[in-house]
Amino acid sequence: MVDYTYSITNDITNQAVNPYQLQTEISPTLPTVTAVTTEGDVLTITFSASLLASEKTSLDTIVQDHVAETDEFFRSLYRPKDTYIISPSGGDFDTIKEGVDTVGAGSLLLIYPGTYTESNPLTQKANTVIRGMGLSITVNIVASTTTQPVFIMENNTILEGVTVMGANGTGGAGVYVDSSIGFGMVMVTRTIIQDCTTGFKTEFVSQVSTYPPCTMTCLETMVASTATTTVTVGYHCADGSLLRCIDTGVSGNAIQYIGTGYCSTGSHPSNGTASLLQINGGGIQYATTGIDCNNDGHVDAHSLSIERSTTGCKIGTTGTTSKLGIHSIIFIDVSGNHIETTNTNGNIYITGGRIDRTRISLPYPNSILYDVFYFSNESSNMSLQLNGILSD
């Protein structure tokens, strides 16, 4: 083996080396090259045999003219078209605000780990994707305006892998969708909302009868309060909008309870279609009310647990035509009523669950509990099963 050495700063015009790239540049002309290495300012090129004078001249020329490909070159080579990096150092954009305001439809914004204090609301344009790189807890987006949503989502958008916080004033929310933008989809996944007045909210703002609405789907998301701030509503579906929650959670703490975990309220302002909140797999801890239906709002839920809360599920006084349907639910350390309705026409139906018989308040008709494990903390009877109409 024979080594030939060069000074990177003196012998290479651009004073930079990409060893792998340089070896691929040398090998077509001088196929006996076996290795290219660097140590400090020294570039070492190893051959299996000594070079002829003419070959050494060729090597000198290749080394002198070498232009090392940069990280930007590889990033443009391996990332899809219209993909942009958000990072305070070396990104396409320094801030998320700059990114969402600049890119067009079909773009993907990748956010490097870090804490970003942003001028909100951040309006995510239609047909774009925002994705945090790494764990969601390492990409923190903090609102500078507490009374505005952090994100306003337009049609056919995806938000993934971030933690959103700081919109804890009146009108503040983590992620907001105006469903009157028309039929389409908004997806939020692997995202945490913390220290915001409302976690996720959909509603109809326009009075125009646009239906079906834009639908927001939350997948593997969490809404949490802190020791010093309270979340009013975790997931809020209003005014005839549609919100789907899959494997989601709401968590207060012993100091600051969540106001309401999941809330569906109101009907479409023009055509009267009720709000619909769908939950498939959910957990609620430390909430004043786990699930609340009011003012014609509907909830359809599957596989829920409500723990360490004041009230489990209820239809409030304005829930004239509200419907609350739950398939499989468990209550743990709920101090007040597990189930209650305070409206004469509200409908509650539950199939499958574990409910304290002393914590049910259903004084009006139209409520059904079926195949429910029905017990009392006041007695040892833990096996009585209730089927059919509870009140008539």
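Scroll up a little and you will see the structure.
Draft legend 1. How the structure looks around the overall build of the protein. Helix and strand content of the protein: 5 helices and 31 strands. Residue burial in the protein is summarised as follows: out of 392 residues, 50% are buried.

Draft legend 2. Quick peek at the pattern of salt bridges. Going through the model one piece at a time under the given rule, you end up with 6 salt bridges. D60 is the partner of K56 in a salt bridge, and the nearest nitrogen-oxygen pair spans 2.7 Å. Here the residue K56 and the residue D60 both occupy positions in helix α3 (residues 53-65), the gap between them amounting to 4 residues, near one helical turn. Note on K56: relative accessible area 26%, which makes it partly exposed. E307 is paired through a salt bridge with R308; the nearest N and O atoms lie 3.0 Å apart. Taken together, the shared-partner salt bridges in this structure form one network comprising R131, E160 and R190.

Draft legend 3. How the structure looks around helix α2 (residues 19-26). Turning to α2, its buried residues are Q21, L22 and I26. Buried residues along α2 cover an arc of 135° about the axis, so they all sit on one side. In this structure, the buried residues of α2 make contact with β2 (33-39), β3 (42-47) and α3.

Draft legend 4. View of α3. With 13 residues, α3 should cover 18 Å at 1.5 Å per step; its first-to-last C-alpha distance of 19 Å lies within 8% of that length. Residues L59, I62 and V63 constitute the buried set of α3. What you see down the axis of α3 is that its buried residues fit within an arc of 95°, all on one side. Packed against the buried residues of α3 are β1 (2-7), α1 (8-11), α2 and β3.

Parameters at a glance
- Sequence order as written defines residue numbering, which begins from 1 separately in each chain.
- In view of the model being predicted, local features appear only for residues whose pLDDT reaches at least 70, and side-chain atom pairs are presented and counted only at 80 or more, with totals across whole chains, interfaces and linings using the full set of residues.
- By convention in this description, side-chain values take in all heavy atoms of the structure and omit both hydrogens and water.
- Only DSSP runs of H or I with at least four residues qualify as helices, and only runs of E with at least two residues qualify as strands; both kinds are numbered from the N terminus onward.
- Relative accessibility decides the category of a residue: with a 1.4 Å probe and only protein chains considered, values under 20% of the type maximum give buried, values over 50% give exposed, and everything between is partly exposed.
- A carboxyl oxygen of Asp or Glu within 4 Å of a side-chain nitrogen of Lys or Arg is what we treat as a salt bridge.
- To be clear, the arc concerns the directions from the helix axis to the C-beta atoms.
- In what follows, a contact means two residues having at least one pair of non-hydrogen atoms within 4.5 Å.
- Here a helix's expected span is defined as the number of its residues, less one, multiplied by 1.5 Å.

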